2 protein chains.
Amino acid sequence: MSLNLGTILQASAATRPDHPALRVSGDAVSYAALDRAARGIATGLRERGIEPGDRVALMVPNVPQFTMAYFGILYAGAAVVPLNVLLVAGEVAYHIEDSEAKLLIAHPLFADAARAGAEAAGVPVIWADGSEAPALDSLAGCAPLDAPHPTSADDTAVILYTSGTTGKPKGAELTHSNLLLNCAQVFPRLIPLGPDDVALATLPLFHSFGQTAVQNAMIAAGGTCVLLPRFTAQDAFDLIEAHQVTYFAGVPTMYFALLHHEGGEQYKLPSLKYAVTGGAAMPVEVMKAFERRYPVQILEGYGLSETSPVASFNTMDRPRKVGSIGYPVWGVEMAILDDDDRPVADGDPGEICIRGHNIMRGYWRNPDATAETIKNGWFHSGDIGVRDEDGCYSIVDRKKDMIIRGGYNVFPREVEEVLYGHPAISEAAVIGIPDERLGEEVKAVVALAPGQQATSEEIVAYSKEHLAAYKYPRHVEFIDTLPKGPTGKILKRELR
Amino acid sequence: MSLNLGTILQASAATRPDHPALRVSGDAVSYAALDRAARGIATGLRERGIEPGDRVALMVPNVPQFTMAYFGILYAGAAVVPLNVLLVAGEVAYHIEDSEAKLLIAHPLFADAARAGAEAAGVPVIWADGSEAPALDSLAGCAPLDAPHPTSADDTAVILYTSGTTGKPKGAELTHSNLLLNCAQVFPRLIPLGPDDVALATLPLFHSFGQTAVQNAMIAAGGTCVLLPRFTAQDAFDLIEAHQVTYFAGVPTMYFALLHHEGGEQYKLPSLKYAVTGGAAMPVEVMKAFERRYPVQILEGYGLSETSPVASFNTMDRPRKVGSIGYPVWGVEMAILDDDDRPVADGDPGEICIRGHNIMRGYWRNPDATAETIKNGWFHSGDIGVRDEDGCYSIVDRKKDMIIRGGYNVFPREVEEVLYGHPAISEAAVIGIPDERLGEEVKAVVALAPGQQATSEEIVAYSKEHLAAYKYPRHVEFIDTLPKGPTGKILKRELR
């Protein structure tokens, strides 16, 4: 009854050993080579004292060593703790200590934070390229592990840290079953990926979206990932053309960047068959403009680290609803519940709640946080959404981002959609600021597109024209660029 | 992290509620109706004291009530114990007692054995049609269970009793993960079943082959099963034509019966896209003759109740090797091991051993039998096979069926293949009989095709021409028809 998520690599390596699994900067890593490296790393980890059930932290950008180490850790029966490569030393130490990881595999590009963090946490570092010892290469060269460790389906495969709504980051424990079903059952029913498909892997693999929807989905399909560690529109265009990429998964800001890239209209991207987005709200105007220019339909989906992550998606076999997050995926249920976990009527806003095979085991060693989040059988997303009469879901806003102005609920996303419709605005975020009289007041923080001009008064007037009186922003602040997280999600925390 | 095999039904009911899931004698049961009935049965079972983790025995032929009850039991979080409908009262009692089932759901067609067996075991019976009370219908009408019980992926979903090599039948405990991956990951990679496919479900659903490769694979695909409770060639032809069946799964004797049915050559079966076989060795001559007549390629596979069951298969994307059982399926490893569990050279015979996500949790409350069978990480099949240089496997014979004649190993299957090549022979089984001088001697038991004649001497002479001196049968017995198990497998036990 054993199940190891590494099965997806093992199976593709068995059927098409010579097919490229990964490509980066002109080099290709075949399935056989990737599997061989992972088996060596598994043996090397064992020799360094890693036992099944232990945790190993991984702080590596989108390079082949990420995938090699990821599957090496899984093959060894240990759990992967992927870290954002931009963490500072204190954060690295926190994640290692909280997860009780026994080892950090880090990339020398982030050597300072990795070294200091690991030292503070008292664990050794393995370096992901050959420039420093001990190197991952020397582990990869160990005798290959005979077979992936027979972990049980309910054992933890990956602990994904997520900031959640409050407090310190918490580790969402995802099982082998959670992750395998998300990449190998859910995903192929949305996008029929096969061995001939080529993905541009530029979403960070340490994050749930890139990990499941790109890396793991492609490996399960036996296709090829073209790795782009640091997204730029120019590199993305070049790689899509050079490798005839068929599948692009990106956060909305990536689509926006491609759309607004100078000279971007010269690329035709005829190879693109599938495009998906998620991780943040996709402005409808961006989606429409992208689709007018390039021959692909963007499917928007929804999920969280705690849901492995894919929970709902627009699908190719039903009319896409622009601006929606689609329908619950295979084997997953969603509901819009009120504060007492009772379903609300279709069309009414409430909390998006999820249940099914994709729900995490819980937060790592945090039963209180788990009990707050998984209640009455439902995972509570913290997002406010609505369901329409066809069973299609839309996000209204993050529960925590909702502004209460004079007793009225204002959902920033609605206001942002209006702002994105203004020709001069390239990025917009709407937040609540304290107001003595109203409790909160609505404020817009915007960046203008290159060469564009607008005054605060103009933007307020424009918003007033499109929004109810209690909703439109009374304050506008201009900044050059909005602060973003690793997936391009705008960090409202930092704006407040 | 919950996973319930019932997810396959729940998901298909969510996406295509009105599509027919089951058809029998002109009636159709939609996915919504099947899901509704299963949810009602789950509630009804709860009301009768069935708790998650309990066992419920199911003695029902291929009628919609089998599938309704199967998923009702799963939805309730209990484990299904399917029973062969031909069991006699004492056997029914043994299975109920051994599995500690709390309840028997039985079909009135088998009322005598079911009633007496349940009474001896001291458990109540629910009757699968409305002719006797309490009826399954009354459970199906209960308020629908809100959601499948959140069983864990490693919980036991089904206990399949298997006679094994010796002693009383043992219950192979298959988990939700085992069975879900076999029908929803393994099977679609062999045969791309979809919602437009229609299967003829005439393999018994209480047996692993029909349960996974027909019922569960079709429900996961959202397609339609046409149920035929008792196989006859005439009914099979009629239903394939009437329902435009695209997928036929049968044991070799079914193909044989179709091939030798009077008037069978009049059917063209143009709708058939996929045909698979397993459960017993497929005589090469039968396969070739079938394919000469009908426009479909037969893919032969291999598995056991203990392996969920599919372990290896010929696939559509590699050259089929006639007479082989193909390649290990997705995520499953096979090896040919000697008595010390060391791999033998390609081409040498040894025991077929299997590991991966499809291996049972163990034999129900029988750790000794489990430890004898799952050793050094490998499930030991008891079958002797060889692997060729391409990694393709063939069965030589059942380990226990092997005849040792004067120190030489004789594999009955090889002798049977020769006998099937004789124009007068329609069925053949080769067994060992005690011999004072040689230890064992080779004996053939054969049935002649209608209108054919042959003498014992002719058959011995024919065999001698095609086989080494130590292999050909010295004794030939003629019988009208060979004894067969529920899937059509010839029961050599009974011949000995």
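Since this is a predicted model, take the numbers as computed values, not measurements. Here the residue index of a chain counts from 1 through its sequence in written order. All chains are assigned letters beginning with A, and all ligands numbers beginning with 1, in the order in which they are written. Per-residue local features are limited, in this predicted model, to residues with pLDDT of at least 70; the limit for side-chain atom pairs, both in listing and counting, is 80 or more; totals at the level of whole chains, interfaces and linings are taken over all residues.

Colleague: Help me out: how do you make sense of the overall build of chain A in this one?
Modeller: Note on conventions: DSSP H or I runs of at least 4 residues are helices, E runs of at least 2 residues are strands, and numbering of each starts at the N terminus. Each helix and strand in chain A was counted, giving 15 helices and 26 strands. Taking 2.2 N^0.38 as the reference for a compact globule, 496 residues should give roughly 23 Å; the C-alpha atoms of chain A span a radius of gyration of 22 Å, in line with that estimate. Taken along the three principal axes of its C-alpha coordinates, chain A extends 70 × 55 × 45 Å. For chain A, restricting intrachain contacts to residue pairs at least 6 apart in sequence, the fraction spanning at least 24 positions comes to 65%. Note on method: radius of gyration uses C-alpha positions; expected globular size equals 2.2 Å times residues raised to 0.38. By definition, residues are in contact whenever their C-beta atoms, placed on the basis of the backbone, come within 7 Å of each other.

Colleague: Is there a simple way to think about the interface of chain A and chain B in this case?
Modeller: Between chain A and chain B, the residue contacts involve 25 residues of the former and 25 residues of the latter. A total of four residues in the side of chain A that touches chain B trace back to one element, the largest contributor, which is helix H7 (residues 176-190) of chain A. Only Asp, Glu, Lys and Arg are considered charged in this grouping, and only Ala, Val, Leu, Ile, Met, Phe, Trp, Tyr, Cys and Pro are considered nonpolar; every other residue, Gly among them, is considered polar. In terms of residue class, the side of chain A that touches chain B is built from ten nonpolar, eleven polar and four charged.

Colleague: What am I meant to see in the relation of the copies chain A and chain B here?
Modeller: Copy one and copy two of the chain differ by a rotation about an axis and a translation along that axis. The copies are overlaid by a least-squares fit using only the C-alpha atoms of residues whose pLDDT is at least 70 in both copies. Each copy of the sequence occupies a distinct position, and chain A is placed on chain B by a rotation of 180° and an axial shift of 0.0 Å, giving an RMSD of 0.0 Å. A rotation of that kind, with that shift, is consistent with a two-fold axis. Judged by C-alpha distance, Ala153(A) is the residue of chain A that lies nearest the rotation axis, at 3.0 Å. Of all interface residues in chain A, 100% are interface residues in chain B too; the two copies therefore contact each other through one and the same surface.

Colleague: Which parts of the structure should I look at to understand the sheet that holds strand E10 (residues 224-227) of chain B?
Modeller: Consider a sheet: its strands pair through backbone hydrogen bonds, and that pairing is either parallel or antiparallel. Here we have nine strands laid out as an open sheet, ordered E2-E1-E10-E9-E11-E12-E13-E14-E15 (chain B), and mixed in their pairing. Both outer strands of the open sheet, strand E2 (27-30) and strand E15 (327-328) of chain B, are each paired with one neighbouring strand and no more. Here the rule is simple: two strands pair whenever DSSP picks up at least two bridges between them.

Colleague: Got a minute to help me understand the domain arrangement of chain A in this structure?
Modeller: By a frequent convention, interface size equals the accessible area lost on bringing the separate parts together. The domain limits used here are those given by an automatic or database domain assignment. Domain assignment breaks chain A into domain 1 (7-189) and domain 2 (402-495). Between the C-alpha centres of domain 1 of chain A and domain 2 of chain A the distance comes to 39 Å.

Colleague: Help me understand the packing of helix H10 (residues 252-260) of chain A against helix H11 (residues 284-293) of chain A in this model?
Modeller: Each pair of packed helices gets described by two things: the angle between the helix axes and the distance between those axes. Residues and elements named next belong to chain A. Under this scheme, a helix contributes an axis fitted over its contacting stretch, all axes are lines through C-alpha atoms, and angles between N-to-C directions fall in the 0 to 180 degree range. With their axes 10 Å apart at the nearest point, H10 and H11 run at an angle of 50° to one another. Here H10 is positioned oblique relative to H11, judged by the angle of their axes. Relative to H11, H10 is oriented so that their crossing is left-handed. Residue-level inspection shows Pro252, Tyr255, Phe256 and Leu259 of H10 in contact with H11, the latter providing Val286, Ala289 and Phe290. Roughly parallel means an angle under 35 degrees; roughly antiparallel, over 145; roughly perpendicular, 65 to 115; everything else is oblique. When the near helix sits turned anticlockwise from the far one by under a right angle, the crossing is termed left-handed; a clockwise turn instead gives a right-handed crossing.

Colleague: Quick question: what am I supposed to make of the sheet that holds strand E25 (residues 439-448) of chain B here?
Modeller: Residues and elements named next belong to chain B. Strand order in the open sheet formed by three strands is E24-E25-E26, and the pairing between neighbours is mixed. Two strands in the sheet have a free side with no partner beyond their single neighbour: strand E24 (425-435) and strand E26 (475-478). Across the sheet, the mean angle separating the axes of adjacent strands is 25° when strand polarity is ignored. Pairing analysis gives ten bridges linking E24 to E25, with the strands arranged antiparallel. Among the inter-strand pairings, glutamate 427 is bridged to a residue of E25, identified as alanine 447. Relative to the sheet, helix H13 (residues 412-420) contacts E24 and E25, its axis offset from that of E24 by approximately 145°.

Colleague: When you look at the nonpolar core in this model, what are you seeing that I'm missing?
Modeller: In summary, soluble globular proteins display a tendency toward joint burial of nonpolar side chains. Here, a nonpolar core denotes buried Ala, Val, Leu, Ile, Met, Phe, Trp, Tyr and Cys residues that are linked to one another through C-beta atoms within 7 Å. Any residue with 12 or fewer other C-beta atoms within 10 Å of its own C-beta is exposed, any with 20 or more is buried, and the rest are partly exposed; the C-beta atoms used are placed from the backbone. Counting 288 residues, the largest nonpolar core has Val56(A), Leu58(A), Val56(B) and Leu58(B) as its most contacted members. In this view, Leu58(B) contacts Phe66(B), Ala69(B), Tyr70(B), Val80(B), Val81(B), Pro82(B), Leu83(B) and Ile105(B); residues no more than four positions away in its chain are not counted.

Colleague: In this structure, what is going on with helix H8 (residues 208-221) of chain A? I would like to understand it.
Modeller: Since the α-helix advances by 3.6 residues per turn, residues separated by three or four positions end up pointing in the same direction. Of all 14 residues that make up H8(A), 14 are buried, and the element is covered over most of its length. Once H8(A) ends, the next one or two residues include Gly222(A), with phi positive near 75°.

Colleague: Just to check I follow, could you spell out unusual backbone geometry for this structure?
Modeller: What you tend to see is this: most non-glycine residues have negative phi, and most peptide bonds are trans. All names here are of chain A. Here the bond from serine 308 into proline 309 is cis, since omega is -10°, no more than 30 degrees from zero. Within the secondary structure, proline 309 sits in the loop between strand E13 (298-303) and strand E14 (310-313). Its identity is not glycine, yet leucine 269 carries a phi of approximately 50°, on the positive side. Here leucine 269 shows up in the loop between H10 and strand E12 (274-277).

Colleague: What is the right way to look at helix H7 (residues 176-190) of chain B in this model?
Modeller: Residue and element names in this part refer to chain B. Along its 15 residues, H7 runs 21 Å from first to last C-alpha, staying within 8% of the 21 Å computed at 1.5 Å per residue. Here the bend at each residue means the angle between axes fitted to two seven-residue stretches, the one ending at that residue and the one beginning there. Along H7, the largest kink reaches about 35° and is centred on asparagine 182. Burial analysis of H7 places 13 of its 15 residues in the buried class, the great majority of the element. By definition here, a helix of n residues has an expected span of 1.5 Å times n minus one.

Colleague: Help me understand the environment of Tyr420(A), please; the structure alone is not making it clear to me.
Modeller: Residues and elements named next belong to chain A. In this fold, tyrosine 420 is placed in helix H13 (residues 412-420). With 19 C-beta atoms counted inside 10 Å, the residue tyrosine 420 sits in the partly exposed group. Once you skip the residues sitting within four places of it in the chain, tyrosine 420 turns out to touch Pro283, Glu285, Ile425 and Ala428.

Colleague: Would you take a moment to explain the pairing of strand E1 (residues 20-24) of chain A for this structure?
Modeller: Taken residue by residue, a regular strand's side chains alternate between the two faces of the sheet. Residue and element names in this part refer to chain A. Judged from the four bridges that link them, E1 and strand E2 (residues 27-30) form a sheet pairing that is antiparallel. Each bridged residue has a counterpart across the sheet, and for proline 20 the counterpart in E2 is serine 30. Here E1 folds back onto E2 in antiparallel fashion, the turn holding two residues, of which serine 25 has a positive phi close to 40°. Pairing of E1 with strand E10 (residues 224-227) involves two bridges; the strand directions are parallel. Across the sheet, arginine 23 pairs through a bridge with valine 226, a residue of E10.

Colleague: Would you take a moment to explain the environment of Val88(A) for this structure?
Modeller: Mapped onto the secondary structure, Val88(A) falls in the loop between strand E4 (79-82) and helix H4 (89-99). Taking the C-alpha atoms as reference points, Val88(A) and Phe110(A), separated by 22 residues in sequence, lie 9.2 Å from one another.

Colleague: Is there a simple way to explain the environment of Asp388(B) in this structure?
Modeller: All names here are of chain B. Positionally, aspartate 388 belongs in the loop between strand E20 (378-387) and strand E21 (393-398). The exposed category is assigned to aspartate 388, around which 12 C-beta atoms lie within 10 Å. For aspartate 388, the contacting residues outside a window of four places in its chain are Asp346 and Gly347.

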